[in-house]
Amino acid sequence: MKSSNLIITMGDPAGIGPEILLKALKDPIITQTCHLTVIGTRSLFEQTYQHLRHTGEVADPDRFEMIDIPLDRITQGQIITGRGNAASGAASFAYLEEAINRTLRGAFQGIVTAPIAKSCWKAAGYNYPGQTEVLGQIAGIDKFGMLFVGRSPYTGWTLRTLLATTHIPLNEVSAALNPQLMSLKLDLLINCLQQYFNIKNPQIVIAGLNPHSGEQGQLGREEKDWLNDWLETEQKQRYDVKLVGLIPPDTMWIKPAQSWYGNLNNSSNKVDNSADAYLALYHDQGLIPVKLMAFDQAINTTIGLPFIRTSPDHGTAFDIAGKGIARATSMKAAIELASELIYHKLK
Ligand SMILES: NC(=O)C1=CN([C@@H]2O[C@H](COP(=O)(O)OP(=O)(O)OC[C@H]3O[C@@H](n4cnc5c(N)ncnc54)[C@H](O)[C@@H]3O)[C@@H](O)[C@H]2O)C=CC1
Ligand SMILES: NCC(=O)COP(=O)(O)O
């Protein structure tokens, strides 16, 4: 039985979005388990299909349901595989906007987004740091979070990393962090773990900001000035959750890496010492380890929205677009996770 009803956006048509989507839709495991509708420009999907059909790895666009967003002749002529620009940015924005509006009207339970390029959106006049913020804005939600989820192919362990701040310059991170923001992100994470992952008493590890978590203020003051107090207060108030931290950011990822790869010295290959989730304070603190361990397998999911949203963890990969070598693993995982989260939401 098809348990979930999802809409999938094409992403930036100059990137690998069309290719990974056609590859995912070729996989019967994906198409048999959920009801999928694609939103994008049919003629561009057909171009990708004709270009790659000899590989036998892509689905025929005539075989799946599609909401066609046609482009005028001039715009379509400006879309060049491998070169994102204002035209491809405008197209990818239109697909996302329409997908969100239809989902809010109740036509779908969740959205899976193929990658877009923020710079192409900007060139097209849409100045957003990412799809996450557009989803939040159109849905009318200001409390949302960017969570990355990856299941280890070696041990089956699941890595979950929430970012406290997302797409902001590094030199704005310290000013953006404060106790209110940290509590908001922690709330979102705990609710998500309890409601969607069925983890009633989660253990969550929280990173420090500075080298060695500030080394008593010698290498940075945020921990000493307020982060340690914030954590202590949170732990006192939350009886059902175990908070661990502030862990120095460089050592925080040792245990998750062991759980991801397995303990090479242990014949059972199983390591049980890792937490249910990790709260990283800024984009690269969380995503360098996620991508080192789980690149093009992990999933980016927006938590706090009134519907489910997932996306691959990678970007538009303009450098390989059109070459037929893009892997659809993260796109498939994004579709599977969206279905799982919908199942848990309905329970
Ligand atoms: N969810 C989204 O919409 C995301 C969008 N982006 C956007 O993507 C654009 C390009 O970003 P980059 O930093 O270059 O990251 P990227 O993830 O697009 O590419 C990084 C490297 O990984 C390779 N790669 C990526 N996905 C792959 C796949 N499925 N199979 C095989 N190889 C793959 C690329 O060829 C490249 O060498 C940026 O404009 C960024 O804003 C980046 C991350 C997520
Ligand atoms: N680095 C993660 C990323 O770029 C995802 O952004 P979004 O478009 O999903 O907001």
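Each value, and the rule that gives it
Residues numbered from 1 in each chain as written. Chains lettered and ligands numbered in written order. Predicted model: local features only at pLDDT ≥ 70, side-chain atom pairs only at ≥ 80, totals over all residues. Near = placed C-beta within 6 Å. Nonpolar A, V, L, I, M, F, W, Y, C, P; charged D, E, K, R; others polar. Buried ≥ 20, exposed ≤ 12 C-beta atoms within 10 Å, placed from the backbone. Helix = DSSP H or I, 4+ residues; strand = E, 2+ residues; numbered from the N terminus. Pairing = 2+ DSSP bridges. Axes fitted to C-alpha atoms, helices over the stretch in contact; angles between N-to-C directions. Contact = placed C-beta atoms within 7 Å. Parallel < 35°, antiparallel > 145°, perpendicular 65-115°, else oblique. Left-handed = near helix turned anticlockwise from the far one by under 90°. Domains from an automatic or database assignment.

Near ligand 1 lie 19 residues; those nearest to it are Pro-115, Ala-117, His-314, Gly-315 and Ala-317. Looking at the shell around ligand 1, its residues break down into 8 nonpolar, 7 polar and 4 charged.

Glancing now at the pairing of strand S6 (residues 158-163). Counting buried positions along S6 yields 5 of 6 residues, so the element is predominantly enclosed. Across 6 bridges, the pairing between strand S5 (residues 145-151) and S6 is antiparallel. Bridge pairing links Met-146 to Leu-163 in S6. Counting the residues that bridge the hairpin from S5 to S6 gives 6 residues, and of these Gly-156 lies at a positive phi of roughly 85 degrees. Here S6 pairs with strand S9 (residues 277-280) via 3 bridges, running parallel. Residue pairing for S9: Leu-163 is matched across the bridge by Ala-280.

Here 11 strands make up an open sheet; going across it, the order is S3-S2-S1-S4-S11-S10-S5-S6-S9-S7-S8 and the pairing mixed. The open sheet is flanked by strand S3 (65-68) and strand S8 (242-247), the only strands paired with a single partner. The sheet shows a mean angle of 25 degrees between the axes of neighbouring strands, taken without regard to direction. One ladder, built from 5 bridges, connects S5 with strand S10 (residues 299-303); its direction is antiparallel. Opposite Phe-148, over in S10, you have Asn-300 as the bridge partner. Strands S5, S6, strand S7 (203-207) and S9 of the sheet are contacted by helix H12 (residues 283-294), whose axis makes an angle of about 160 degrees with S6.

Moving on to the packing of helix H9 (residues 179-196) against helix H10 (residues 222-237). Two numbers describe how H9 lies on H10: the axes approach to 10 Å, and their chain directions differ by 40 degrees. In this view, H9 runs oblique relative to H10, as classed from their interaxial angle. Our pair here, H9 against H10, has a crossing hand that is right-handed. Contacts between H9 and H10 pair Pro-179, Met-182, Ser-183 and Leu-186 from the former with Trp-226, Trp-230 and Glu-234 from the latter. When grouped by side-chain class, the residues that make up the contact of H9 with H10 number 5 nonpolar, 1 polar and 1 charged.

In terms of domain boundaries, the protein chain breaks down into domain 1 (1-141 + 306-347) and domain 2 (143-304). The distance between the C-alpha centroids of domain 1 and domain 2 comes to 28 Å. In this complex, domain 1 contributes 21 residues to the contact, which on the side of domain 2 involves 21 residues. Of all the elements in the fold, those that place two or more residues in the side of domain 1 that touches domain 2 are helix H7 (131-139), strand S11 (308-312) and helix H13 (329-346). With 8 residues, the top contributor of residues to the side of domain 1 that touches domain 2 is H13. Its residues placed into classes, the side of domain 1 that touches domain 2 shows 8 nonpolar, 9 polar and 4 charged.

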